[in-house]
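Observations on chain architecture
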Amino acid sequence: MNRDRSGMQRLETTIGEVLRFGTITSSTMFAIGLVMTIVGYQPAVAQLLLATGLVILLATPPARVVVSVIEYVRERDWTFVLLTGIVLLALAGSVVAAYF
Amino acid sequence: MNLLTPLTAPLALIIFGAGTVAGALGVALGLGGGIFLVPFLTLVLGFPLKSAAAISLATVIATSSAVTAQRAGNQLINLRVGMVLEAATTVGSLLGGITAQLVAESVLRRLFGVVAIAVAAVVLGRVNKRNVILDPTVDPGRLGGRFYEEESHGIVSYRVKRLPLALFASFIAGNVSSLLGIGGGIIKVPVLNAWCGMPLRAAAATSALMIGVTATGGAIIYYGRGDLQPLLAAPAVLGVQVGSWAGARLTYGASVKWLKVLMAAILVIVAVLMFLRSNA
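Residues numbered from 1 in each chain as written. Chains lettered and ligands numbered in written order. Predicted model: local features only at pLDDT ≥ 70, side-chain atom pairs only at ≥ 80, totals over all residues. Heavy atoms only, no water.

**Some words on the overall build of chain B**
When its secondary structure is counted, chain B shows 10 helices and 2 strands. Written out in order from the N terminus, the α and β elements of chain B read α-α-α-α-α-β-β-α-α-α-α-α. The C-alpha radius of gyration computed for chain B amounts to 18 Å, which stays within 12% of the reference 19 Å derived for 280 residues, consistent with globular compactness. Along the longest, intermediate and shortest principal axes, the C-alpha atoms of chain B span 60 × 35 × 30 Å. (Helix = DSSP H or I, 4+ residues; strand = E, 2+ residues; numbered from the N terminus. Rg over C-alpha atoms; globule rule 2.2 N^0.38 Å.)

Given below as C-alpha coordinates:
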(Lines give C-alpha, C1' and ligand atoms only; values in the text may rest on other atoms or scores of the structure.)
Protein backbone atom coordinates (compact mmCIF):
# COMPACT_ATOMS: atom_id res chain seq x y z
CA MET A 1 0.00 0.00 0.00
CA ASN A 2 2.84 2.38 0.87
CA ARG A 3 4.69 1.70 -2.35
CA ASP A 4 1.37 2.03 -4.15
CA ARG A 5 0.74 5.50 -2.70
CA SER A 6 4.20 6.83 -3.55
CA GLY A 7 3.76 5.53 -7.10
CA MET A 8 0.46 7.38 -7.36
CA GLN A 9 2.06 10.57 -6.07
CA ARG A 10 4.84 10.29 -8.60
CA LEU A 11 2.36 9.63 -11.39
CA GLU A 12 0.21 12.60 -10.40
CA THR A 13 3.26 14.89 -10.43
CA THR A 14 4.44 13.63 -13.81
CA ILE A 15 0.94 14.00 -15.26
CA GLY A 16 0.84 17.58 -13.97
CA GLU A 17 4.15 18.33 -15.70
CA VAL A 18 3.05 16.82 -19.03
CA LEU A 19 -0.22 18.77 -18.96
CA ARG A 20 1.48 22.02 -17.94
CA PHE A 21 4.02 21.71 -20.75
CA GLY A 22 1.30 20.98 -23.33
CA THR A 23 -0.93 23.83 -22.18
CA ILE A 24 1.81 26.46 -22.08
CA THR A 25 3.35 25.42 -25.40
CA SER A 26 0.08 25.29 -27.34
CA SER A 27 -1.29 28.51 -25.84
CA THR A 28 1.93 30.37 -26.58
CA MET A 29 1.87 29.19 -30.19
CA PHE A 30 -1.80 30.16 -30.49
CA ALA A 31 -1.18 33.64 -29.08
CA ILE A 32 1.82 34.39 -31.31
CA GLY A 33 0.17 32.82 -34.38
CA LEU A 34 -3.03 34.80 -33.88
CA VAL A 35 -1.31 38.14 -33.42
CA MET A 36 0.80 37.48 -36.53
CA THR A 37 -2.33 36.55 -38.51
CA ILE A 38 -4.22 39.64 -37.42
CA VAL A 39 -1.39 42.05 -38.25
CA GLY A 40 -0.61 40.13 -41.45
CA TYR A 41 3.01 39.40 -40.60
CA GLN A 42 4.47 36.24 -42.19
CA PRO A 43 1.14 34.45 -42.84
CA ALA A 44 2.78 31.11 -43.64
CA VAL A 45 4.69 31.05 -40.35
CA ALA A 46 1.57 32.15 -38.48
CA GLN A 47 -0.43 29.27 -39.99
CA LEU A 48 2.29 26.80 -39.10
CA LEU A 49 2.34 28.04 -35.50
CA LEU A 50 -1.46 27.74 -35.17
CA ALA A 51 -1.52 24.28 -36.73
CA THR A 52 1.35 23.05 -34.55
CA GLY A 53 -0.27 24.55 -31.47
CA LEU A 54 -3.47 22.64 -32.22
CA VAL A 55 -1.63 19.35 -32.74
CA ILE A 56 0.22 19.82 -29.43
CA LEU A 57 -3.08 20.61 -27.71
CA LEU A 58 -4.62 17.41 -29.11
CA ALA A 59 -1.53 15.34 -28.26
CA THR A 60 -1.34 16.46 -24.62
CA PRO A 61 -4.09 14.27 -23.08
CA PRO A 62 -2.92 11.15 -25.00
CA ALA A 63 0.64 11.85 -23.80
CA ARG A 64 -0.67 11.89 -20.26
CA VAL A 65 -2.30 8.48 -20.83
CA VAL A 66 0.95 7.05 -22.24
CA VAL A 67 2.82 8.27 -19.14
CA SER A 68 0.18 6.52 -17.01
CA VAL A 69 0.53 3.23 -18.89
CA ILE A 70 4.30 3.31 -18.34
CA GLU A 71 3.85 3.94 -14.62
CA TYR A 72 1.32 1.11 -14.24
CA VAL A 73 3.61 -1.29 -16.09
CA ARG A 74 6.40 -0.34 -13.69
CA GLU A 75 4.09 -1.07 -10.77
CA ARG A 76 2.91 -4.28 -12.44
CA ASP A 77 -0.66 -3.17 -11.93
CA TRP A 78 -2.11 -5.10 -14.85
CA THR A 79 -5.72 -4.04 -14.25
CA PHE A 80 -4.76 -0.44 -14.84
CA VAL A 81 -2.45 -1.30 -17.72
CA LEU A 82 -5.51 -2.86 -19.36
CA LEU A 83 -7.79 0.11 -18.58
CA THR A 84 -5.36 2.75 -19.83
CA GLY A 85 -4.68 0.47 -22.82
CA ILE A 86 -8.40 0.61 -23.68
CA VAL A 87 -8.21 4.42 -23.58
CA LEU A 88 -5.27 4.41 -26.01
CA LEU A 89 -7.07 1.95 -28.30
CA ALA A 90 -10.18 4.15 -28.36
CA LEU A 91 -8.01 7.18 -29.24
CA ALA A 92 -6.37 5.14 -32.00
CA GLY A 93 -9.90 4.32 -33.15
CA SER A 94 -10.59 8.07 -33.41
CA VAL A 95 -7.54 8.52 -35.60
CA VAL A 96 -8.77 5.71 -37.84
CA ALA A 97 -12.30 7.20 -37.96
CA ALA A 98 -10.80 10.61 -38.78
CA TYR A 99 -8.75 9.55 -41.77
CA PHE A 100 -10.19 6.33 -43.18
CA MET B 1 -17.36 26.83 -42.52
CA ASN B 2 -14.89 25.76 -45.12
CA LEU B 3 -11.14 25.75 -44.93
CA LEU B 4 -10.90 29.04 -46.79
CA THR B 5 -12.85 31.03 -44.21
CA PRO B 6 -10.79 34.16 -43.76
CA LEU B 7 -10.14 35.08 -40.17
CA THR B 8 -10.71 38.75 -39.84
CA ALA B 9 -9.50 40.57 -36.76
CA PRO B 10 -13.09 41.36 -35.66
CA LEU B 11 -14.13 37.69 -35.96
CA ALA B 12 -11.08 36.61 -33.95
CA LEU B 13 -11.93 39.15 -31.26
CA ILE B 14 -15.58 38.06 -31.15
CA ILE B 15 -14.59 34.40 -30.76
CA PHE B 16 -12.01 35.34 -28.13
CA GLY B 17 -14.63 37.38 -26.24
CA ALA B 18 -17.20 34.59 -26.46
CA GLY B 19 -14.61 32.15 -25.11
CA THR B 20 -13.78 34.49 -22.24
CA VAL B 21 -17.42 34.86 -21.20
CA ALA B 22 -18.10 31.12 -21.60
CA GLY B 23 -14.97 30.23 -19.59
CA ALA B 24 -15.84 32.63 -16.76
CA LEU B 25 -19.46 31.43 -16.59
CA GLY B 26 -18.27 27.84 -16.65
CA VAL B 27 -16.04 28.37 -13.62
CA ALA B 28 -18.71 30.33 -11.77
CA LEU B 29 -21.33 27.65 -12.29
CA GLY B 30 -19.09 24.60 -12.01
CA LEU B 31 -19.76 23.67 -15.63
CA GLY B 32 -17.55 23.60 -18.66
CA GLY B 33 -17.83 26.60 -20.94
CA GLY B 34 -18.91 24.48 -23.91
CA ILE B 35 -22.59 24.57 -23.06
CA PHE B 36 -22.47 28.36 -23.65
CA LEU B 37 -19.81 28.55 -26.36
CA VAL B 38 -21.45 26.09 -28.77
CA PRO B 39 -24.82 27.88 -28.93
CA PHE B 40 -23.07 31.24 -29.33
CA LEU B 41 -21.01 30.00 -32.28
CA THR B 42 -24.02 28.29 -33.84
CA LEU B 43 -26.96 30.57 -33.09
CA VAL B 44 -25.18 33.95 -33.14
CA LEU B 45 -22.26 33.50 -35.53
CA GLY B 46 -24.03 30.96 -37.74
CA PHE B 47 -21.35 28.25 -37.65
CA PRO B 48 -22.54 24.70 -38.43
CA LEU B 49 -22.99 22.77 -35.20
CA LYS B 50 -20.17 20.37 -36.10
CA SER B 51 -17.76 23.25 -36.50
CA ALA B 52 -18.92 24.84 -33.24
CA ALA B 53 -18.63 21.53 -31.41
CA ALA B 54 -15.10 20.98 -32.76
CA ILE B 55 -13.94 24.43 -31.61
CA SER B 56 -15.56 23.90 -28.24
CA LEU B 57 -13.84 20.51 -27.80
CA ALA B 58 -10.48 22.22 -28.30
CA THR B 59 -11.34 24.59 -25.44
CA VAL B 60 -12.44 21.64 -23.29
CA ILE B 61 -9.04 19.97 -23.80
CA ALA B 62 -7.19 23.17 -22.91
CA THR B 63 -9.31 23.74 -19.80
CA SER B 64 -8.89 20.14 -18.65
CA SER B 65 -5.11 20.23 -19.09
CA ALA B 66 -4.70 23.62 -17.41
CA VAL B 67 -6.97 22.85 -14.45
CA THR B 68 -5.52 19.37 -13.87
CA ALA B 69 -1.93 20.63 -14.09
CA GLN B 70 -2.77 23.18 -11.44
CA ARG B 71 -4.48 20.67 -9.14
CA ALA B 72 -2.02 17.79 -9.53
CA GLY B 73 -0.64 16.75 -6.17
CA ASN B 74 -3.44 17.99 -3.91
CA GLN B 75 -5.20 14.58 -3.88
CA LEU B 76 -8.56 15.95 -5.01
CA ILE B 77 -8.18 14.15 -8.31
CA ASN B 78 -8.92 10.47 -7.97
CA LEU B 79 -6.54 9.08 -10.61
CA ARG B 80 -7.75 5.51 -10.26
CA VAL B 81 -11.42 6.31 -10.63
CA GLY B 82 -10.52 8.69 -13.46
CA MET B 83 -8.66 6.03 -15.38
CA VAL B 84 -11.34 3.39 -14.85
CA LEU B 85 -14.05 5.73 -16.10
CA GLU B 86 -11.92 7.06 -18.97
CA ALA B 87 -12.04 3.62 -20.53
CA ALA B 88 -15.80 4.20 -20.82
CA THR B 89 -15.73 7.90 -21.78
CA THR B 90 -13.22 7.47 -24.61
CA VAL B 91 -15.09 4.54 -26.15
CA GLY B 92 -18.22 6.70 -25.89
CA SER B 93 -16.48 9.66 -27.47
CA LEU B 94 -15.25 7.50 -30.35
CA LEU B 95 -18.82 6.32 -31.02
CA GLY B 96 -20.21 9.84 -30.61
CA GLY B 97 -17.61 11.25 -32.98
CA ILE B 98 -18.49 8.71 -35.66
CA THR B 99 -22.22 9.30 -35.11
CA ALA B 100 -21.75 13.07 -35.47
CA GLN B 101 -20.40 12.49 -38.97
CA LEU B 102 -23.45 10.43 -39.92
CA VAL B 103 -26.43 12.35 -38.53
CA ALA B 104 -27.99 15.55 -39.86
CA GLU B 105 -27.36 18.99 -38.41
CA SER B 106 -31.04 19.23 -37.39
CA VAL B 107 -30.74 16.09 -35.24
CA LEU B 108 -27.67 17.47 -33.48
CA ARG B 109 -29.46 20.76 -32.80
CA ARG B 110 -32.45 19.01 -31.24
CA LEU B 111 -30.15 16.85 -29.15
CA PHE B 112 -28.35 19.99 -27.97
CA GLY B 113 -31.73 21.45 -27.00
CA VAL B 114 -32.56 18.40 -24.89
CA VAL B 115 -29.17 18.44 -23.15
CA ALA B 116 -29.41 22.21 -22.50
CA ILE B 117 -32.72 21.65 -20.68
CA ALA B 118 -31.17 18.85 -18.63
CA VAL B 119 -28.19 21.06 -17.72
CA ALA B 120 -30.56 23.87 -16.70
CA ALA B 121 -32.32 21.42 -14.38
CA VAL B 122 -29.02 20.31 -12.83
CA VAL B 123 -27.87 23.92 -12.35
CA LEU B 124 -31.15 24.84 -10.63
CA GLY B 125 -31.00 21.70 -8.51
CA ARG B 126 -27.61 22.78 -7.19
CA VAL B 127 -28.75 26.25 -6.12
CA ASN B 128 -28.80 25.51 -2.41
CA LYS B 129 -26.53 22.49 -2.31
CA ARG B 130 -23.45 22.15 -0.17
CA ASN B 131 -20.71 19.60 -0.11
CA VAL B 132 -21.43 16.76 2.31
CA ILE B 133 -18.84 16.22 5.02
CA LEU B 134 -18.15 12.56 5.40
CA ASP B 135 -16.80 10.41 8.16
CA PRO B 136 -12.97 10.79 8.08
CA THR B 137 -12.42 7.31 9.45
CA VAL B 138 -13.94 5.49 6.47
CA ASP B 139 -11.53 3.08 4.79
CA PRO B 140 -11.33 4.39 1.21
CA GLY B 141 -10.66 0.93 -0.24
CA ARG B 142 -9.03 0.37 -3.60
CA LEU B 143 -10.90 3.07 -5.54
CA GLY B 144 -11.79 5.55 -2.84
CA GLY B 145 -9.86 8.61 -1.82
CA ARG B 146 -8.88 10.98 0.93
CA PHE B 147 -8.18 14.70 0.76
CA TYR B 148 -7.92 17.77 2.91
CA GLU B 149 -10.87 20.14 2.68
CA GLU B 150 -10.09 23.78 3.31
CA GLU B 151 -13.55 24.94 4.42
CA SER B 152 -13.97 22.34 7.14
CA HIS B 153 -10.23 22.04 7.94
CA GLY B 154 -10.66 18.31 7.96
CA ILE B 155 -9.76 15.19 6.08
CA VAL B 156 -12.53 13.93 3.83
CA SER B 157 -12.48 10.22 3.13
CA TYR B 158 -14.80 8.34 0.80
CA ARG B 159 -15.49 5.03 -0.87
CA VAL B 160 -16.68 4.69 -4.43
CA LYS B 161 -19.97 2.83 -4.80
CA ARG B 162 -22.01 1.61 -7.80
CA LEU B 163 -19.11 1.51 -10.24
CA PRO B 164 -21.22 0.08 -13.12
CA LEU B 165 -23.51 3.11 -12.89
CA ALA B 166 -20.50 5.44 -12.99
CA LEU B 167 -19.17 3.57 -16.04
CA PHE B 168 -22.53 3.85 -17.80
CA ALA B 169 -22.82 7.59 -17.06
CA SER B 170 -19.25 8.07 -18.32
CA PHE B 171 -20.00 6.20 -21.54
CA ILE B 172 -23.05 8.41 -22.18
CA ALA B 173 -21.04 11.51 -21.26
CA GLY B 174 -18.37 10.54 -23.80
CA ASN B 175 -20.97 10.18 -26.56
CA VAL B 176 -22.59 13.51 -25.75
CA SER B 177 -19.20 15.20 -25.51
CA SER B 178 -18.25 14.29 -29.07
CA LEU B 179 -21.70 14.90 -30.53
CA LEU B 180 -22.24 18.34 -29.01
CA GLY B 181 -18.79 19.65 -28.12
CA ILE B 182 -19.27 19.84 -24.38
CA GLY B 183 -17.03 18.28 -21.74
CA GLY B 184 -19.65 15.95 -20.33
CA GLY B 185 -18.88 16.75 -16.68
CA ILE B 186 -22.47 17.89 -16.32
CA ILE B 187 -23.54 14.26 -16.75
CA LYS B 188 -20.78 12.55 -14.73
CA VAL B 189 -20.37 14.86 -11.76
CA PRO B 190 -23.98 14.69 -10.48
CA VAL B 191 -23.97 10.89 -10.85
CA LEU B 192 -20.60 10.46 -9.11
CA ASN B 193 -21.69 12.81 -6.34
CA ALA B 194 -25.28 11.69 -5.78
CA TRP B 195 -25.04 7.92 -6.31
CA CYS B 196 -21.41 6.85 -6.27
CA GLY B 197 -20.31 8.36 -2.98
CA MET B 198 -17.78 10.90 -4.25
CA PRO B 199 -17.67 14.33 -2.59
CA LEU B 200 -18.56 17.06 -5.08
CA ARG B 201 -15.04 18.50 -5.25
CA ALA B 202 -13.37 15.15 -5.83
CA ALA B 203 -15.99 14.27 -8.45
CA ALA B 204 -15.47 17.62 -10.20
CA ALA B 205 -11.65 17.39 -10.12
CA THR B 206 -11.71 13.81 -11.39
CA SER B 207 -14.17 14.74 -14.13
CA ALA B 208 -11.96 17.69 -15.13
CA LEU B 209 -9.10 15.22 -15.62
CA MET B 210 -11.26 12.90 -17.72
CA ILE B 211 -12.85 15.46 -20.06
CA GLY B 212 -9.47 16.24 -21.67
CA VAL B 213 -8.86 12.80 -23.08
CA THR B 214 -12.59 12.37 -23.77
CA ALA B 215 -12.75 15.57 -25.81
CA THR B 216 -9.58 14.56 -27.63
CA GLY B 217 -11.30 11.41 -28.92
CA GLY B 218 -13.98 13.55 -30.56
CA ALA B 219 -11.70 16.41 -31.59
CA ILE B 220 -9.35 14.11 -33.51
CA ILE B 221 -12.28 12.98 -35.69
CA TYR B 222 -13.45 16.54 -36.35
CA TYR B 223 -9.87 17.58 -37.10
CA GLY B 224 -9.36 14.77 -39.60
CA ARG B 225 -12.68 15.60 -41.28
CA GLY B 226 -11.76 19.27 -41.67
CA ASP B 227 -14.23 20.66 -39.11
CA LEU B 228 -11.60 21.87 -36.64
CA GLN B 229 -9.69 24.86 -37.99
CA PRO B 230 -6.70 26.14 -36.03
CA LEU B 231 -7.56 29.74 -36.95
CA LEU B 232 -10.95 29.51 -35.25
CA ALA B 233 -9.94 27.22 -32.40
CA ALA B 234 -7.00 29.38 -31.28
CA PRO B 235 -8.98 32.50 -30.22
CA ALA B 236 -11.62 30.32 -28.54
CA VAL B 237 -9.00 28.38 -26.56
CA LEU B 238 -7.20 31.53 -25.45
CA GLY B 239 -10.49 33.20 -24.56
CA VAL B 240 -11.71 30.30 -22.44
CA GLN B 241 -8.38 30.16 -20.60
CA VAL B 242 -8.47 33.87 -19.80
CA GLY B 243 -12.14 33.56 -18.82
CA SER B 244 -11.56 30.57 -16.52
CA TRP B 245 -8.66 32.36 -14.86
CA ALA B 246 -10.69 35.51 -14.32
CA GLY B 247 -13.81 33.59 -13.29
CA ALA B 248 -11.94 31.73 -10.58
CA ARG B 249 -10.79 35.03 -9.06
CA LEU B 250 -14.04 36.95 -9.45
CA THR B 251 -16.38 34.36 -8.05
CA TYR B 252 -14.24 32.96 -5.25
CA GLY B 253 -16.52 32.84 -2.23
CA ALA B 254 -19.16 34.94 -3.95
CA SER B 255 -22.79 33.94 -4.02
CA VAL B 256 -23.67 32.79 -7.49
CA LYS B 257 -27.29 31.93 -6.75
CA TRP B 258 -28.79 34.62 -8.98
CA LEU B 259 -26.28 33.73 -11.68
CA LYS B 260 -27.38 30.10 -11.62
CA VAL B 261 -31.03 31.05 -12.03
CA LEU B 262 -30.19 33.47 -14.84
CA MET B 263 -28.04 30.93 -16.67
CA ALA B 264 -30.67 28.22 -16.31
CA ALA B 265 -33.10 30.63 -17.98
CA ILE B 266 -30.60 31.31 -20.77
CA LEU B 267 -30.13 27.57 -21.31
CA VAL B 268 -33.88 27.15 -21.69
CA ILE B 269 -33.87 29.91 -24.32
CA VAL B 270 -30.94 28.20 -26.05
CA ALA B 271 -32.93 24.96 -26.08
CA VAL B 272 -35.95 26.67 -27.62
CA LEU B 273 -33.81 28.34 -30.30
CA MET B 274 -32.06 25.07 -31.11
CA PHE B 275 -35.43 23.42 -31.69
CA LEU B 276 -36.83 26.36 -33.69
CA ARG B 277 -33.79 26.54 -35.93
CA SER B 278 -33.40 22.81 -36.37
CA ASN B 279 -35.78 22.90 -39.34
CA ALA B 280 -34.10 25.80 -41.08
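Next comes the rest of the account.
**Looking at the interface of chain B and chain A**
Reports of interface size often rely on the accessible area that becomes lost once the parts have come together. In this assembly, 49 residues from chain B lie in contact with 45 residues from chain A. On the chain B side of the interface with chain A, the three residues burying the most area are B:Leu79, B:Arg80 and B:Met83, jointly 16% of the side's total. Our count for the chain B to chain A interface comes out at 2 salt bridges. Between chain B and chain A we count 8 residue pairs in polar contact (both at pLDDT 80 or more) in total. Listing elements by their share of the side of chain B that touches chain A, those giving two or more residues are helix H1 (9–29), helix H3 (49–71), helix H4 (79–102), helix H8 (200–224) and helix H9 (230–250) of chain B. Classifying every residue of the side of chain B that touches chain A by side-chain character gives 32 nonpolar, 12 polar and 5 charged. (Contact = heavy atoms within 4.5 Å. Buried area = accessible area lost by both parts, 1.4 Å probe. Salt bridge = Lys/Arg side-chain N within 4 Å of Asp/Glu carboxyl O. Polar contact = N/O pair within 3.5 Å; in protein donor to acceptor, adjacent residues only side chain to side chain. Nonpolar A, V, L, I, M, F, W, Y, C, P; charged D, E, K, R; others polar.)

**Thoughts on the pairing of strand E2 (residues 154–158) of chain B**
All names here are of chain B. Counting buried positions over the 5 residues of E2 gives 4, a clear majority of the element. Relative to E2, strand E1 (residues 145–149) runs antiparallel, the two sharing 5 bridges. By the bridge assignment, Glu-149 is partnered in E2 with Gly-154. (Buried < 20%, exposed > 50% of the residue type's maximum accessible area, 1.4 Å probe, protein only. Pairing = 2+ DSSP bridges.)

**Brief notes about the packing of aromatic side chains**
Going through the model one piece at a time under the given rule, you end up with 2 aromatic pairs over all chains. Consider the rings of A:Tyr72 and A:Phe80, whose centres lie 5.2 Å apart with planes at 35°: the pair is tilted. Across the pair, A:Phe80 and A:Tyr72 agree in class, each one buried. For B:Arg80, the ring lying beneath its charged end belongs to A:Phe80, and the centroid distance is 4.5 Å. (Phe/Tyr/Trp six-rings, centres within 6.5 Å; stacked < 30°, edge-to-face > 60°. Lys NZ or Arg CZ within 6 Å of the ring centre and 35° of its normal.)

**Section: the side chain of A:Ser27**
Examined against the element boundaries, A:Ser27 turns out to sit in helix H1 (residues 2–39). Residue class for A:Ser27 comes out buried when judged on its relative accessible area of 13%.

**Structural notes on the nonpolar core**
Counting residues in each nonpolar core, the largest one holds 64 residues, and the members touching the most others are B:Ile35, B:Phe36 and B:Phe112. Per element, the largest residue contribution to this core is 10 residues, and it comes from H3(B). Among residues more than four places away in sequence, those in contact with B:Phe36 are B:Ala22, B:Leu25, B:Leu29, B:Leu31, B:Met263 and B:Leu267. A:Leu83, B:Val81, B:Leu143 and B:Val156 belong to the second largest nonpolar core, which has 39 residues in total. (Core = buried A, V, L, I, M, F, W, Y, C linked by side-chain atoms within 4.5 Å.)

**Structural notes on helix H7 (residues 185–194) of chain B**
Residues and elements named next belong to chain B. Summarising burial for H7: 7 of the 10 residues are buried, a large majority. Those residues of H7 not exposed but buried are Gly-185, Ile-186, Lys-188, Val-189, Val-191, Leu-192 and Asn-193. For H7, the secondary structure elements touched by its buried residues are H4, helix H5 (105–125), helix H6 (163–180) and H8.

**What about the pattern of salt bridges?**
Per the counting criterion, the structure on display carries 4 salt bridges over all chains. Notably, a salt bridge pairs A:Arg64 with B:Glu86, separated by 2.8 Å at the nearest N-O pair. With one member in each of two chains, A:Arg64 in helix H2 (residues 43–74) and B:Glu86 in helix H4 form a pair that bridges those chains. Residue classification places B:Glu86 among the buried residues on the basis of a relative accessible area of 1%. One salt bridge in this structure joins B:Arg80 and A:Asp77, with 3.0 Å as the shortest N-O distance. In this pair, B:Arg80 is assigned in helix H4 and A:Asp77 in the loop between H2 and helix H3 (78–99), connecting two distinct chains.

**So, unusual backbone geometry**
Of note in this structure, A:Arg76 is not a glycine but carries a positive phi near 55°. Positive phi is not limited to glycine here, since B:Arg162 has a value of about 50°. With respect to the secondary-structure elements, B:Arg162 resides in the loop between E2 and H6. On the basis of relative accessible area, B:Arg162 is assigned to the partly exposed category, the value being 48%.

**Quick word on helix H2 (residues 34–44) of chain B**
All names here are of chain B. Across the 11 residues that make up H2, a large majority, 9, are buried. Turning to H2, its buried residues number three or more, namely Gly-34, Ile-35, Phe-36, Leu-37, Val-38, Pro-39, Leu-41, Thr-42 and Leu-43. Buried residues belonging to H2 abut H1, H3, H5, H6, H9 and helix H10 (257–276). Among the residues trailing H2, Gly-46 stands out with phi positive, at a value near 75°.

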